[in-house]
Amino acid sequence: GLTIFGGRIYQMTWREHRVFLRDLNGKALREFRNPREGWGLTHDARRLIASDGSDHLFFIRPSDFATIGSVQVREGARSIDQINELEYVDGAVYANVFQTWRVLKIDPGSGCVLAAADLSGLHGRFTQADRDIIDAEGNFVLNGIAHDPKTGLFTVTGKDWPMLFTG
């Protein structure tokens, strides 16, 4: 996970439990320890928000990467795990569910899923050759969400995908 907050770049490693703090030119400033796997990272106006592949969002203090709270992600009565890539937009956290075509809109205060989008229709927009490559590797899944505040559009992509989709 990676996010820019307070004029600094925060970058988490997946399994090594490391978080790198850099200036906007990429110069290393500090390193933190992350007690969990690093799957997704975003922020609201005051804190970082991280995922670790579980059914929780974790709220992180930017000054020392300490966990200051968490919320369980739930869709109705069912918890949703494999919360992955994160993007914070207009008071909600958008997250993809790893190894699915779903993107969730989550209320960070309650953890409730406010909406879900099934993006499986994107599969048909690849060439057959690209579909064959993506389908042959279980890890080549939807895994990237970005939002452009100027246009209001979202862009999604995946691991080893040859395309971006914007809408």
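Placed above this text is the structure.
Residues numbered from 1 in each chain as written. Predicted model: local features only at pLDDT ≥ 70, side-chain atom pairs only at ≥ 80, totals over all residues. Heavy atoms only, no water.

Observations concerning the sheet that holds strand β8 (residues 67–72)
(1) Moving on: Pairing is antiparallel in the open sheet, where 4 strands are placed in the order β5-β6-β7-β8. Two strands close off the open sheet at either side, each with one partner strand: β5 (40–43) and β8. Averaged over neighbouring strand pairs, the angle between their axes works out to 25° when direction is ignored.
(2) Moving on: Looking at chain direction, strand β7 (residues 56–60) and β8 are connected through 5 bridges and run antiparallel. From the neighbouring strand, His56 faces β8, where its bridge partner is Gln72. (Pairing = 2+ DSSP bridges. Helix = DSSP H or I, 4+ residues; strand = E, 2+ residues; numbered from the N terminus. Axes fitted to C-alpha atoms, helices over the stretch in contact; angles between N-to-C directions.)

Topic: the pattern of salt bridges
Two side chains carrying opposite charge are able to pair once their charged atoms lie near each other.
(1) Moving on: Within this structure, the stated rule accounts for 7 salt bridges.
(2) Moving on: Here Asp44 and Arg46 are joined by a salt bridge, their closest N and O atoms 3.9 Å apart.
(3) Moving on: A relative accessible area of 6% places Asp44 in the buried class.
(4) Moving on: Between Glu75 and Arg102 there is a salt bridge whose closest N-O contact spans 2.8 Å. Pair noted here: Glu75 is in strand β9 (residues 74–75) and Arg102 is in strand β13 (residues 102–106), with a separation of 27 residues, a long-range link. (Salt bridge = Lys/Arg side-chain N within 4 Å of Asp/Glu carboxyl O. Buried < 20%, exposed > 50% of the residue type's maximum accessible area, 1.4 Å probe, protein only.)

Observations concerning the nonpolar core
(1) Moving on: Ranked by size, the top nonpolar core spans 14 residues in total, and within it Leu57, Val73, Ile83, Leu86, Leu104 and Ile106 carry the most contacts.
(2) Moving on: Secondary-structure elements contributing two or more residues to this core are β7, β11 (83–89), β12 (92–97) and β13.
(3) Moving on: Take this core: its biggest share by element is 3 residues, from β12.
(4) Moving on: Setting aside residues up to four positions removed in sequence, Leu104 forms contacts with Ile80, Ile83, Val93, Tyr94, Ala95, Val97, Val113, Ala115 and Ala116. (Core = buried A, V, L, I, M, F, W, Y, C linked by side-chain atoms within 4.5 Å. Contact = heavy atoms within 4.5 Å.)

A closer look at the layout of surface pockets
(1) Moving on: In this structure, the largest pocket spans a volume of roughly 240 Å³.
(2) Moving on: Taken together, 15 residues form the lining of the largest pocket, with Val103, Leu119, Phe154, Val156 and Gly167 sitting closest to its centre.
(3) Moving on: When its residues are assigned to classes, the lining of the largest pocket shows 11 nonpolar, 2 polar and 2 charged.
(4) Moving on: Taken as a whole, the second largest pocket encloses approximately 200 Å³ of empty space.
(5) Moving on: The wall of the second largest pocket is formed by Gly1, Trp14, Gly38, Trp39, Asn84, Glu85, Phe98, Asn139, Asn143 and Lys159.
(6) Moving on: Its residues assigned to classes, the lining of the second largest pocket comprises 3 nonpolar, 5 polar and 2 charged. (1 Å grid on protein atoms, 1.4 Å probe; cavity = no way out; pocket = protein on both sides within 12 Å on 5 of 7 lines; lining within 4 Å. Points joined across faces, edges and corners; volume = space filled by probe spheres on them. Nonpolar A, V, L, I, M, F, W, Y, C, P; charged D, E, K, R; others polar.)

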